Amino acid sequence: RFLGFFTPESTIAYRAAVFSCVLGSFASVFLFHSVVLVTYDAWSGLFAAMGFALNPTVWLYSIQGEVFALNNLLVALIIFLTVLFFSKLEQEEMKKVGSPYCTWPQLTADQVAYVGAFVCGLSLTNQHTSVFPVAASALAVLYALY
């Protein structure tokens, strides 16, 4: 129904393909933000996101009505939340020593970890190959917390 609002005179297959395109582009956006959080350079994020989005395999999966575009989005979101978690831990350490630090968004590291756990669960229910980034992210976060 949601895509029917934007494409009223189209088939269900066309709507599924458009939805896959939207999911693929959001995956590129989250990859862009992940690289910017790590490198503090928007150009690096732009080149990484464009290289990802224009990859022939990613492009192919983004124009088909399949589960792969959603998998790409969820994995990119897991990467983004993992990078954001470690950025938040660094912010909290900087606040302890009294250093000013940019806060975006207004979440604590624990809240980011909870959202990340939810997204990891969604990713594992979507496709079984997500177990590799989920395991890496979960181990890194658990190591940082304990």
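Everything below is about the structure shown above.
The present account deals with the structure reproduced in this document.

With respect to helix α2 (residues 12-39)
Count 3.6 residues to each turn of an α-helix, and residues three or four apart come out pointing the same way. Taking 1.5 Å per residue as the helical rise, α2 with its 28 residues ought to reach 40 Å, and the 41 Å between its terminal C-alpha atoms agrees with that figure. Among all positions in α2, only Ala-17, Ser-20, Leu-23, Gly-24, Ala-27, Ser-28, Leu-31, Ser-34 and Val-35 are buried. Positive phi appears at Tyr-40, one or two residues downstream of α2, with a value of about 60°.

Focus: unusual backbone geometry
Positive phi values are uncommon outside glycine, yet Tyr-40 reaches one of about 60°. Assignment of secondary structure puts Tyr-40 in the loop between α2 and α3 (42-53). A residue is classified by how much of its surface remains accessible, and Tyr-40, at 60% relative accessible area, is exposed.

Some remarks on the side chain of Ser-62
Mapped onto the fold, Ser-62 is located in helix α4 (residues 56-62). Exposure remark for Ser-62: the relative accessible area of 11% places this residue in the buried category. Setting aside its immediate chain neighbours within four residues, Ser-62 contacts Ala-17, Ser-20, Cys-21, Gly-24 and Ala-69.

Here we look at the packing of helix α6 (residues 109-126) against helix α7 (residues 131-145)
Any two packed helices are characterised by how steeply their axes cross, that is the angle between the axes, and by the distance between the axes. α7 packs onto α6 with a crossing angle of 160° between their chain directions and a minimal axis gap of 10 Å. In terms of axis orientation, α6 runs roughly antiparallel to α7. Note that α6 runs across α7; the crossing there is left-handed. Taking contact as the criterion, the partners of Asp-110, Ala-113, Cys-120, Ser-123 and Leu-124 in α6 are, on α7, Val-131, Val-134, Val-141 and Leu-145. The class makeup of the residues in the contact of α6 with α7 is seven nonpolar, one polar and one charged.

About the thresholds
Residues numbered from 1 in each chain as written. Predicted model: local features only at pLDDT ≥ 70, side-chain atom pairs only at ≥ 80, totals over all residues. Heavy atoms only, no water. Helix = DSSP H or I, 4+ residues; strand = E, 2+ residues; numbered from the N terminus. Expected span 1.5 Å × (residues − 1). Buried < 20%, exposed > 50% of the residue type's maximum accessible area, 1.4 Å probe, protein only. Contact = heavy atoms within 4.5 Å. Axes fitted to C-alpha atoms, helices over the stretch in contact; angles between N-to-C directions. Parallel < 35°, antiparallel > 145°, perpendicular 65-115°, else oblique. Left-handed = near helix turned anticlockwise from the far one by under 90°. Nonpolar A, V, L, I, M, F, W, Y, C, P; charged D, E, K, R; others polar.

By themselves these figures say nothing about function.
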